[in-house]
Amino acid sequence: MSESSLHHDVKGAPTTTVTSSEKAAYGGGSDLNEQNSVELMDEAALAACGYKQEFKREFGLYSTFSVSFSVLGILPSVASTLSYGMGYSGTPGLTWGWVIASIGIQAVATSMAELSSSMPTSGGLYYCVGVLAPPKWAPFLAYLCGWSNWLGLVSGSPSVNYGNAAMISALCTLANPDYVSSNAKTFGICIALQFLCFVCSAMPTRYLARLNSYGTVLQIVSLAAVFVGILAGSKNTPKFQNTHKVWNDIQNGTEWPNGIAILMSFLTSIWTMSGYDAPFHLSEECSNSQIATPRAIVMTSAMGGVFGWFLCLAISYTVTDVDAILNSELGQTFIATLDQILNYKTTMAFGILTVICGVFCSQGCSISASRLAFAYARDGLLPASGVVAHVNTRTHTPINACIFNFIVQIAMLCLIFAGPVAIGAIFSIGAVGAYFAFTLPVMLRCFFAGDRWRPGPWNLGRWSLPCGYLSCSFVALMLPILCFPSVRGADLTPDAMNWTIVVWGGPLFLAACFFGIHARKTYLGPKINIEHLRFPDGTSMTQEALRQAKREDINVVVAPATDA
């Protein structure tokens, strides 16, 4: 919408004045009730994005952070992807490699946090793309961003559950050497875990907040216990490896140069740190969302980066034979690592603890993915959107979106029967799909948004653009790297191929084709289900502006908003 047409619409629209006599409706008299005040500001911030309040706001900063930290699941996530970090480059990929990756990851997370304060909707990144992209390209780019983000997030829970199933099988083998794992057994374990995650994601918000608050405590305590246990309980002599060897002995497990192998090992940190967008998707259920949501994103990425590095350091300094771990008959790198470092009882205890943490991680992924599916269905992006977007009137949660995701996740888990390389692609999907969606709105904000960008109350100020440039550079480098196979030339067979580009790029290509053939005629970008709230000069109502409106008699204009 042009500036002139915006003012024309605003001028012709009715006005609603928040007068002193009406302030009681928003919290009571001149001494406004703080809780009602925050609720009003949250609803107005959402209304400024063009949506009405549908969820109960029963998440706070800590409970939102709890879900996000559960999605990260540092202990089970590192355990599930250790074979990549250690297998591609040995311990250097887990030490200084993790530090370098964390710098880029933190830049992406901080840029995302700034977006979440400006546009606190469940649609998150997809909505931001629709607002920040050039109008002609906004529907198409929002469409691609939505599908990529959903593919990355919906694959999170089954990939964690597959890692959990592999750890359970390894623990069974460790306890009983006669135990024989099979694809059918692994699939059965994954289905059971996935159903549990589905049940959790459909629960009322107040129970989810409480569950994930407890889960976060468990995750932190378990991570600390494993970290200390590995360092103190090492059965090897000497207990710790030489620092020079740990940081410099690159054991290249690929056919690429050492530099590429190190970059490929970033998959462990990138996949582990791909869940900090969860607060964005929970912003419509979070109180004081324009402040709490960005803080939860930054807290998650920062704490996850530090704690994950500590765990990787403990492993790197205590392992004695990387090749033996990677080729262990246990079939799971983390359990094999514990077995090499610790005694039998401690290995079993830490293994079980990691699986329990993995369940919390997986259900956190399911919660976040279900809210994302709801937001996309609300805008007509997904098949059967009218059904998927329904919010259950008893639980006030998107149960239909939970069911939709559950069906897709079961289909993904069927890749187990196609072999380890095929099912392993869901880990790369989570990283590639997520970071493509994470960075697309940041790129648009840096290079194309212009005056379409309006920062929220939590913003980076003068550091916004430099941080955005670093984010874009890091992801532009890493997305192709994450699609590299470990071998090349004559050794590159279908069994050794990295199928990420097919499993992620294939659906994205089909979505682009469908958009060109049909969806471009019906899909015009993120929808709104109420009118934007604006002030008479045409600017969007922000949290700070609403505070002023509550204290003074200020006209608030309800204007049709088609510019989003």
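In case you missed it, the structure is sitting above this.
In this report, the structure presented in the accompanying data block is examined. All of these numbers come straight from a predicted model, not from anything done at the bench. (Residues numbered from 1 in each chain as written. Predicted model: local features only at pLDDT ≥ 70, side-chain atom pairs only at ≥ 80, totals over all residues. Heavy atoms only, no water.)

### Side note on the overall build of the chain
Helices and strands together make up the secondary structure of the chain, namely 25 helices and three strands. Considering the chain as a whole, with its 564 residues, one finds that 59% of them fall into the buried category. Excluding contacts between residues fewer than 6 apart, the proportion of contacts in the chain whose partners are at least 24 apart in sequence is 83%. Put simply, the chain shows about 21400 Å² of open surface, and 64% of that area lies on carbon and sulfur atoms. (Helix = DSSP H or I, 4+ residues; strand = E, 2+ residues; numbered from the N terminus. Buried < 20%, exposed > 50% of the residue type's maximum accessible area, 1.4 Å probe, protein only. Contact = heavy atoms within 4.5 Å. Areas by Shrake-Rupley, 256 points an atom, 1.4 Å probe, with all protein chains shown as cover.)

### Concerning the environment of Met303
Examined against the element boundaries, Met303 turns out to sit in helix H15 (residues 289–318). Note on Met303: relative accessible area 26%, which makes it partly exposed. Placed 229 residues apart in sequence, Met303 and Ile74 show a C-alpha to C-alpha distance of 9.6 Å.

### Some words on the nonpolar core
Grouped burial of nonpolar side chains is what soluble globular proteins tend to show. Counting 155 residues, the largest nonpolar core has Leu132, Trp150, Ile230, Ile270, Tyr276, Phe334 and Tyr435 as the members making the most contacts within it. Counting residues per element, this core draws most heavily on helix H21 (residues 420–447), at 14 residues. Apart from the residues lying within four places of it in its own chain, the contact partners of Tyr276 are Ser68, Leu72, Ile105, Val108, Ala109, Met112, Ile297, Thr300, Ser301, Tyr435 and Phe438. (Core = buried A, V, L, I, M, F, W, Y, C linked by side-chain atoms within 4.5 Å.)

### Some remarks on the packing of helix H17 (residues 333–341) against helix H18 (residues 344–378)
The packing of two helices is summarised by the inter-axis angle and the distance between the axes. It is at 9 Å that the axes of H17 and H18 come closest, and there the two elements cross at 155 degrees. Considering their axes alone, H17 and H18 lie roughly antiparallel with respect to each other. H18 is crossed by H17, and the crossing has right-handed handedness. The residues of H18 that touch H17, namely those facing Phe334, Ile335, Leu338 and Asp339, are Thr347, Phe350, Gly351 and Thr354. Partitioning the contact of H17 with H18 into residue classes produces four nonpolar, three polar and one charged. (Axes fitted to C-alpha atoms, helices over the stretch in contact; angles between N-to-C directions. Parallel < 35°, antiparallel > 145°, perpendicular 65-115°, else oblique. Left-handed = near helix turned anticlockwise from the far one by under 90°. Nonpolar A, V, L, I, M, F, W, Y, C, P; charged D, E, K, R; others polar.)

### Section: helix H3 (residues 61–72)
In an α-helix, one full turn covers 3.6 residues, which means residues spaced three or four apart are oriented alike. Taking 1.5 Å per residue as the helical rise, H3 with its 12 residues ought to reach 16 Å, and the 16 Å between its terminal C-alpha atoms agrees with that figure. With 10 of 12 residues buried, H3 lies mostly within the body of the structure. (Expected span 1.5 Å × (residues − 1).)

### A look at the packing of aromatic side chains
Per the stated rule, a full pass over the model turns up 21 aromatic pairs. The interplanar angle of 50 degrees and the centroid separation of 5.2 Å between the aromatic rings of Tyr143 and Phe515 together place this pair among those described as tilted. With Tyr143 in helix H7 (residues 138–154) and Phe515 in helix H24 (residues 505–522), this pair connects stretches of sequence that are 372 residues apart. Comparing Tyr143 with Phe515, the two get one shared label, buried. One aromatic cluster in this structure is built from Trp137, Phe140, Tyr143 and Phe515. Against the face of Trp256 rests Arg488, its NZ or CZ located 4.6 Å from the ring centre. (Phe/Tyr/Trp six-rings, centres within 6.5 Å; stacked < 30°, edge-to-face > 60°. Lys NZ or Arg CZ within 6 Å of the ring centre and 35° of its normal.)

### Regarding unusual backbone geometry
A cis amide bond links Thr237 to the next residue, Pro238, at an omega of -5 degrees. Note that Pro238 resides in the loop between helix H10 (205–233) and helix H11 (243–248).

### Brief notes about a nonpolar patch on the surface
Residues Met443, Phe447, Phe448, Leu465 and Tyr469 make up a contiguous nonpolar surface patch of roughly 450 Å² in combined accessible area. Residue assignment for the nonpolar patch shows that the elements contributing at least two residues are H21 and helix H22 (464–481). Here Phe447 is to be found in helix H21. (Patch = residues over 30% accessible without salt bridge, like charges linked within 9 Å, V, L, I, M, F, W, Y side chains within 5 Å. Salt bridge = Lys/Arg side-chain N within 4 Å of Asp/Glu carboxyl O.)

### Some words on the side chain of Asn498
Structurally, Asn498 is set in the loop between H22 and helix H23 (500–503). Residue classification places Asn498 among the buried positions, given a relative accessible area of 12%. Only 2.9 Å separates the side chain of Asn498 from the backbone oxygen of Phe484, close enough to count as a polar contact. Contact partners of Asn498, with chain neighbours within four places excluded, come to Ser428, Leu482, Cys483, Phe484 and Pro485. (Polar contact = N/O pair within 3.5 Å; in protein donor to acceptor, adjacent residues only side chain to side chain.)

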